[in-house]
Amino acid sequence: MSEKFARRMGTVHRSFIREILKVTAHSEIISFAGGLPNPELFPVAAMDTASHEVFSKIGSSALQYSTTEGDAGLRAIISQRYAKRGLTVDPDSILVTTGSQQVLDICAKVFLDKGDKVVIESPGYLGAIQAFSLFEPEFVTVSLEDDGPNLEELEAAFKAGAKCFYAVPNFQNPSGISYSLEKRQAVAALTDKYGVLFVEDDPYGELRFMGEDLPTVYSFCKKPGILCGSFSKIAAPGFRIGWVVTEKTIYDKLVIAKQASDLHTSTVAQSILRRYLETNDIESHVELIKERYGRQREYMVEMIQKYFPSDVKITKPEGGMFLWATMPEGFSSMDLFDMAIEHKVAFVPGRPFYVDGSGENTFRLNFSNSDETRIKEGIKRLGQCIDSFLK
Ligand code: PMP
């Protein structure tokens with residue numbers, strides 16, 4: 001049977017994280033592995049009301065096929081929310097997608113031929129690596145520093161003829177790192193100079209719980225770029241609603257690729273989410289999430305300082321859902337993972353986030369999905385494992 005599969009399937013594997021999530025799903029395991037929002041913060045009652053109202057007020061049209069571009073009212077709300085963040089976005093330049101993950105898939109379809117050079121951050125977002133890999137590009141990596149990508153490496157990659165640069169400048173998954181203002185401007189200038197398409201993925205930008213909001217890199221680019229957004233982290237991922245902002249020529253191609261994938265994003269989901277946004281104050285809901293995640297992140301850092309050996313370095317993100325740990329060279333977080341699972345605590349080993357197979361001594365911790373009791377117990381157990389492991 002395997003000879004029937006397309007050649008490209010041979011190069012792409014099941015998402016390592018999705019596989020890990022199966023192991024860590026047991027309730028006795030304290031899991032810092034998944035990238036899950038805190039379900040206690042899902043607006044269940046408000047969504048219940050919104051769905052009743054959708055069916056009583058607009059009825060069957062919520063169940064009908066609709067346009068590929070997406071619900072006009074929803075796109076208007078996305079545009080208004082960008083305006084509050086200081087970015088002017090025409091609703092007609094917004095394409096509603098089935099999660100922001102779909103943007104990566106349709107961008108890959110639209111832009112990538114086999115062997116095209118795609119620049120990604122190292123470590124990089126696994127879902128993007130997977131989506132792009134199916135189109136057999138050549139990945140070129142740039143190291144992430146505390147304030148964003150290494151600019152010499154980035155320029156060298158661009159000079160060598162890159163087609164696009166995919167990046168997560170706010171509270172990156174997996175590292176939690178954010179680009180400084182200077183690096184945002186420098187990245188935009190370099191993409192313009194070398195004519196590299198910039199794909200900015202921003203599902204976490206609104207979840208800043210400390211420090212100053214910074215403009216998107218997209219807003220500094222003079223040449224057309226791509227900006228992806230999502231309701232997954234500020235409302236609920238189950239809706240599978242995200243979007244992409246771009247200029248007309250790119251937009252039209254993305255529409256074609258999306259039509260081939262799913263015709264349009266679920267009308268039911270869009271209608272309910274729109275109703276929810278029209279009848280509730282999403283901004284105060286986002287404040288609530290930020291307040292909670294901020295506390296959880298503070299507490300996790302505090303517990304790490306208490307229970308981890310001091311030669312384990314961590315990032316201290318100002319937002320988002322993840323922090324990133326680096327053990328001394330020569331230690332394997334894959335081996336640590338096996339020991340941690342025996343002690344009923346889980347994280348994601350770092351190596352899958354590096355397309356060059358490095359990063360063996362790193363791992364990702366999620367802080368959004370655990371309360372303080374579990375954070376304390378989980379970090380304590382993990383600290384004990386690391387202690388015995390490093391000895
Ligand atoms: N981009 C990044 C960086 C992510 O972390 C995620 C979620 N894991 C996504 C895109 C996809 O999010 P969604 O499809 O739910 O919008």
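Up top is the structure these notes are about.
Now for a description of the structure that goes with this document.

Rules used throughout
- Residues numbered from 1 in each chain as written.
- Predicted model: local features only at pLDDT ≥ 70, side-chain atom pairs only at ≥ 80, totals over all residues.
- Heavy atoms only, no water.
- 1 Å grid on protein atoms, 1.4 Å probe; cavity = no way out; pocket = protein on both sides within 12 Å on 5 of 7 lines; lining within 4 Å.
- Points joined across faces, edges and corners; volume = space filled by probe spheres on them.
- Nonpolar A, V, L, I, M, F, W, Y, C, P; charged D, E, K, R; others polar.
- Near = heavy atom within 4 Å.
- Polar contact = N/O pair within 3.5 Å; in protein donor to acceptor, adjacent residues only side chain to side chain.
- Areas by Shrake-Rupley, 256 points an atom, 1.4 Å probe, with all protein chains shown as cover.
- Sits in = over half its atoms within 2 Å of the grid points.
- Helix = DSSP H or I, 4+ residues; strand = E, 2+ residues; numbered from the N terminus.
- Salt bridge = Lys/Arg side-chain N within 4 Å of Asp/Glu carboxyl O.
- Core = buried A, V, L, I, M, F, W, Y, C linked by side-chain atoms within 4.5 Å.
- Buried < 20%, exposed > 50% of the residue type's maximum accessible area, 1.4 Å probe, protein only.
- Contact = heavy atoms within 4.5 Å.
- Phe/Tyr/Trp six-rings, centres within 6.5 Å; stacked < 30°, edge-to-face > 60°.
- Pairing = 2+ DSSP bridges.
- Axes fitted to C-alpha atoms, helices over the stretch in contact; angles between N-to-C directions.

## Re empty space enclosed by the protein
Piece 1. In this structure the tally under the stated criterion is 4 cavities of 30 Å³ or more.
Piece 2. Within this model, the largest cavity holds a volume of roughly 70 Å³.
Piece 3. The wall of the largest cavity is formed by Y82, R85, D202, P203, G205, E206, C228, G229, S230, I234 and W243.
Piece 4. Here the residues of the lining of the largest cavity sort into 5 nonpolar, 3 polar and 3 charged.

## Concerning the site of the ligand
Piece 1. Around the ligand, the structure places 13 residues, and the nearest of them are S100, D201, Y204, S230 and S232.
Piece 2. With respect to the ligand, the side chain of D201 contributes an N or O atom lying 2.5 Å from a nitrogen atom.
Piece 3. Relative to its free-state accessible area of 400 Å², the ligand is covered by the protein chains to the extent of 90%.
Piece 4. The pocket occupied by the ligand, as judged from atoms lying within 2 Å of grid points, is the largest pocket.
Piece 5. If one sorts the elements of the shell around the ligand by residue count, helix α4 (residues 99-111) sits on top with 3 residues.
Piece 6. Looking at side-chain class alone, the shell around the ligand contains 4 nonpolar, 6 polar and 3 charged residues.

## Some thoughts on the pattern of salt bridges
Any two side chains of opposite charge can pair, so long as their charged atoms come close to each other.
Piece 1. In total, this model carries 27 salt bridges according to the counting rule given.
Piece 2. Between D105 and K109 there is a salt bridge, and its shortest N-O distance comes to 3.4 Å. Linking D105 with K109, this pair stays in helix α4, spanning 4 residues, or about one helical turn.
Piece 3. With its nearest N and O atoms 3.5 Å apart, the salt bridge here joins D213 to R208.
Piece 4. If you follow the salt bridges from partner to partner, you end up with R81, K84, R85, D202, E206 and E283 in one network.

## As for the nonpolar core
Piece 1. Core analysis: the biggest nonpolar cluster contains 78 residues, and F231, L273, F363, L365 and I379 have the highest contact counts within it.
Piece 2. Here this core gets 10 residues from one element, more than from any other, and that element is helix α10 (residues 282-307).
Piece 3. Setting aside chain neighbours within four positions, we find L365 in contact with F32, M300, I304, F308, M321, F322, L323, F347, I379 and L382.
Piece 4. Counting residues in hydrophobic clusters, the runner-up holds 27 residues, among them C107, C164, Y166 and L197.

## Some thoughts on the packing of aromatic side chains
Piece 1. Taken as a whole and judged by the stated rule, the model has 13 aromatic pairs.
Piece 2. For the ring pair F158 and F165, a centre distance of 5.9 Å and an interplane angle of 65 degrees mean the geometry is edge-to-face. In this structure, F158 and F165 share a single accessibility class: buried.
Piece 3. One aromatic cluster is present, formed by F158, F165, Y194 and F198 through successive ring pairs.

## Thoughts on the sheet that holds strand β9 (residues 241-246)
Piece 1. Reading across from one edge, β2-β9-β8-β7-β6-β3-β4-β5 is the order of the 8 strands in this open sheet, with mixed pairing throughout. Since the sheet does not close on itself, it has two edges, and those belong to β2 (94-98) and β5 (148-149), each with one partner.
Piece 2. Across 3 bridges, the pairing between strand β7 (residues 197-201) and strand β8 (residues 226-230) is parallel. Counterpart to D201 in the pairing with β8 is C228.
Piece 3. Along the sheet, α4 makes contact with β2, β6 (164-167), β7, β8 and β9, crossing β2 at roughly 110 degrees.

## Things to note about the pairing of β2
Piece 1. Counting buried residues along β2, 4 of its 5 residues qualify, which places the element largely inside the surrounding structure.
Piece 2. The sheet contact formed by β2 and β9 spans 5 bridges and is antiparallel. Counterpart to T98 in the pairing with β9 is I241.

## Focus on unusual backbone geometry
Piece 1. A cis amide bond links S122 to the next residue, P123, at an omega of 5 degrees.
Piece 2. Note on placement: P123 falls in the loop between β3 (117-122) and α5 (126-133).
Piece 3. Residue P174 follows N173 across a cis peptide bond; omega there is 20 degrees.
Piece 4. Looking at where P174 falls in the secondary structure, it is placed in the loop between β6 and α7 (181-194).
Piece 5. One non-glycine residue with positive phi stands out, namely L263, at about 65 degrees.
Piece 6. On the secondary structure map, L263 appears in the loop between α8 (248-262) and α9 (267-279).

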